[in-house]
Amino acid sequence: MTSLGALPDLNTVAAFSHLPDRTLAAMIRIARVSRYRPGEVLLYQNDPLYAFFIVLQGAVRLVEYGPSGQTVALKIYGTGDVFGLLAVSGVYPHNAQIESIHETVIASLNGSDTRQLILEHPQLGLTIIDLLIAHVHHAHHRIRDMAAKRVEQRLARAILHLADKFGESRGTIMSIELPLSQRDLADYIS
């Protein structure tokens, strides 16, 4: 990890682009920006999570490691995604390891500092609630899909999601530039 001095442009992050400039400026004041190389770990499994993260560039994945060494790829976040928002409610052990997939730039905002900002900028609090609700809905959809859809359907949906998020059009071909193995993809849809 390399800490960067550059301030993030949160106007370009869809989740926060609707917030007033003064709220974004307050968020930027408490943000810490870091660069990660591919494969570098942002947070190890069960480490305490003090901050939430905004992917400014690149991609990370959440991976859970089981006691006998098995891995489960839980989620992939790309540019513009926000994760770890529970840190706003307090410090907790994160259940998954967070690993950089590409050269990645992350803004982290301390949870307790963000709580203070919410007192001055209540619209930020509503935005965080909306993001958490969207995360819960996404989790429910994945659980429902696992129970009700065949593997082929889940795989097709996962590929479409990854193409939408990370795909690059090359003529008539859509290329997804992620270093994921077939096992990673299987974990992601199971």
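Residues numbered from 1 in each chain as written. Predicted model: local features only at pLDDT ≥ 70, side-chain atom pairs only at ≥ 80, totals over all residues. Heavy atoms only, no water.

Visitor: For this particular structure, what's the right way to read the packing of helix H1 (residues 21-30) against helix H2 (residues 111-120)?
Guide: Describing two packed helices takes the angle between their axes plus the distance from one axis to the other. Contact pair H1 / H2: the axes reach a minimum separation of 11 Å and the direction vectors enclose 160°. The orientation of H1 relative to H2 falls into the category roughly antiparallel. Helix-helix and strand crossings are classified by hand; for H1 and H2 the assignment is right-handed. Contact with H1, carried on its side by Arg22, Ala26, Met27 and Ile30, involves Asp113, Thr114, Leu117 and Glu120 of H2 and no other residues of that element. Split into classes, the residues belonging to the contact of H1 with H2 amount to 4 nonpolar, 1 polar and 3 charged. (Axes fitted to C-alpha atoms, helices over the stretch in contact; angles between N-to-C directions. Helix = DSSP H or I, 4+ residues; strand = E, 2+ residues; numbered from the N terminus. Parallel < 35°, antiparallel > 145°, perpendicular 65-115°, else oblique. Left-handed = near helix turned anticlockwise from the far one by under 90°. Contact = heavy atoms within 4.5 Å. Nonpolar A, V, L, I, M, F, W, Y, C, P; charged D, E, K, R; others polar.)

Visitor: What should I look at first to understand the sheet that holds strand S6 (residues 59-65) in this one?
Guide: Each strand in a sheet pairs with its neighbour through backbone hydrogen bonds, running either in the same direction (parallel) or in the opposite one (antiparallel). Strand order in the open sheet formed by 4 strands is S3-S10-S6-S7, and the pairing between neighbours is antiparallel. Whereas interior strands pair on both sides, the edge strands pair on one side only; in this sheet they are strand S3 (41-43) and strand S7 (71-78). If you compare each strand with its neighbour and ignore which way they point, the axes differ by 30° on average. (Pairing = 2+ DSSP bridges.)

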